[in-house]
Amino acid sequence: MWPLWRLVSLLALSQALPFEQRGFWDFTLDDGPFMMNDEEASGADTSGVLDPDSVTPTYSAMCPFGCHCHLRVVQCSDLGLKSVPKEISPDTTLLDLQNNDISELRKDDFKGLQHLYALVLVNNKISKIHEKAFSPLRKLQKLYISKNHLVEIPPNLPSSLVELRIHDNRIRKVPKGVFSGLRNMNCIEMGGNPLENSGFEPGAFDGLKLNYLRISEAKLTGIPKDHNKIQAIELEDLLRYSKLYRLGLGHNQIRMIENGSLSFLPTLRELHLDNNKLARVPSGLPDLKLLQVVYLHSNNITKVGVNDFCPMGFGVKRAYYNGISLFNNPVPYWEVQPATFRCVTDRLAIQFGNYKK
């Protein structure tokens, strides 16, 4: 169960590094996008909890039976609900319906909830969504609908949406225009779906200005682009993602990244390419001045060069690495020169070894 006081510790934005998390919430003061990590989105424990006894309840007369209502938060998780409950206060800003048995979102399920900011539907049985189900949600910015039975991206998403978490569903296709009009969207998490490259129609991501895109644990051989049967990441694949600071493509079938491709990601902080079929460290990493985390474990990398990660000369890289994972690769680690990691904050940030054939 995701208790209210833990939920209220999740929605906030770190001021330190773009990919860090802050405690959670004040919707009236939320001045930018926040992002849950996978554990938070599935209800894992977090720090910085809020004492529920200190929260003043409002609109208690309109609280759905069995739910807990405090401030503008309505928590109806873990109740075995078959449908979205009625009598939800119109001033609700967060509605938590995770861990229930809801199988369908109907036309009027969210009627009157024009102030809703975040909707949590994680771990239900949703397989059908009415095309106008989200129409009343004119201020919705966070939609978490992971771990359901969806076979497609929900239609007519609110134009106000900033963050979409839809991982661990049954989605095989991302059609052109499904994200049309979502000018505020900067985070899409859709890993754990049976997506292949052929499932992305040409122009599927047109018009989006994403900061975070994760399509791990899929069946990709490259980054989605405008034709099928990709066998590598090529230059034009990354043109549309120039503002990404975190790119997750682990657990795919990527074999090669074309020289110069990564130069189109100047703001990238984290790169996840673990559990693929890469034979060497991708070129261009030294040119990413802000890159701090690189996951390359569980590939087929056989050699690590002295200039694969760090630029030549001093003062070029603006942020040192604090995480490089290379374990479970057939690299003769005793041949790797110490100078290879001259731009790493600490030797403990480097993970080597444990290769198994």
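Remember, predicted model here, so these are calculated numbers, not experimental data.

Residue position: Leu-81 is located in the loop between strand 2 (73-75) and strand 3 (94-96). Taking the C-alpha atoms as reference points, Leu-81 and Gln-98, separated by 17 residues in sequence, lie 9.6 Å from one another. Sequence-distant contacts of Leu-81, that is, excluding residues within four places in its chain, are made with Cys-76, Leu-97, Asn-100, Asp-101 and Ile-102.

A few words now on the packing of aromatic side chains. Scanning all chains against the criterion turns up five aromatic pairs. When the centroid spacing of 6.1 Å and the interplanar angle of 15 degrees are considered together, the rings of Phe-110 and Phe-134 count as stacked. With Phe-110 in the loop between strand 4 (104-105) and strand 5 (118-120) and Phe-134 in the loop between strand 6 (128-129) and strand 7 (142-144), the pair connects residues that are 24 residues apart, well separated along the chain. Put simply, the rings of Phe-309, Tyr-321, Tyr-333, Phe-341 and Phe-352 pair up and form one aromatic cluster.

Moving on to the confidence of the model for the protein chain. On average, residues of the protein chain score 76 in pLDDT, and 73% of them reach the 70 mark or higher. Scored below 50 in pLDDT, residues 1-60 shows 128 contacts in the model against residues more than four places distant or in partner chains. Taken as a whole, residues 225-237 scores under 50 in pLDDT and shows 40 contacts with residues more than four places along the chain or in a different chain.

With that out of the way, let us pick up the pattern of salt bridges. According to the stated counting rule, one finds five salt bridges in the structure shown. The salt bridge partner of Arg-106 is Asp-109, with a shortest N-O separation of 3.3 Å. One salt-bridge network, in which partners are shared between bridges, spans Lys-82, Asp-101 and Lys-125.

Turning to the state of the cysteines, a few remarks are in order. Following the criterion strictly, the structure yields three disulfides and no others. Here Cys-67 pairs with Cys-76 through a disulfide, and the sulfurs are 2.1 Å apart. With the S-S bond torsion at 115 degrees, the cross-link from Cys-67 to Cys-76 turns out right-handed. The class for Cys-76 is buried, based on a relative accessible area of 0%. The disulfide that involves Cys-310 links it to Cys-343, with 2.0 Å between the sulfurs. Sign of the S-S torsion, about -85 degrees for the bond between Cys-310 and Cys-343, identifies this disulfide as left-handed. Of this pair, Cys-310 sits in the loop between strand 13 (293-295) and strand 14 (323-325) while Cys-343 sits in the loop between strand 14 and strand 15 (350-351), placing them 33 residues apart in sequence. In this pair, the class of Cys-310 matches that of Cys-343, namely buried.

Attention now goes to unusual backbone geometry. Phi is positive for Asp-168, which is not a glycine, with a value near 55 degrees. By secondary structure assignment, the location of Asp-168 is in the loop between strand 8 (163-165) and strand 9 (187-189). Given the relative accessible area of 32%, Asp-168 is considered partly exposed. Positive phi, close to 55 degrees, is recorded for Asn-275, a residue that is not glycine. Take Asn-275: it is sitting in the loop between strand 12 (270-272) and strand 13. Exposure remark for Asn-275: the relative accessible area of 26% places this residue in the partly exposed category.

Calculation notes
Think of each chain on its own: its residues are numbered from 1, step by step along the sequence as written. In keeping with the model being predicted, local features are shown solely for residues with a pLDDT of at least 70 and side-chain atom pairs are shown and tallied solely at 80 or more, while totals for entire chains, interfaces and linings include all residues. Working from all heavy atoms in the structure, the side-chain values ignore hydrogens and water. Helix and strand labels come from DSSP, where a helix needs a run of H or I of at least four residues and a strand needs a run of E of at least two; each type is numbered from the N terminus. It only takes one pair of heavy atoms within 4.5 Å for two residues to be counted as in contact. Pairing of aromatic rings covers Phe, Tyr and the six-membered ring of Trp, with a centre-to-centre limit of 6.5 Å; geometry is then stacked below 30 degrees between planes, edge-to-face above 60, and tilted otherwise. Confidence scores per residue from the predictor, reported as pLDDT, run from 0 to 100. Take a side-chain nitrogen of Lys or Arg and a carboxyl oxygen of Asp or Glu: if they are within 4 Å of each other, that pair is a salt bridge. Working definition: a disulfide is two cysteine sulfur atoms within 2.5 Å of each other. Working definition: with a 1.4 Å probe on protein chains only, accessible area under 20% of the residue-type maximum means buried, over 50% means exposed, and in between means partly exposed.

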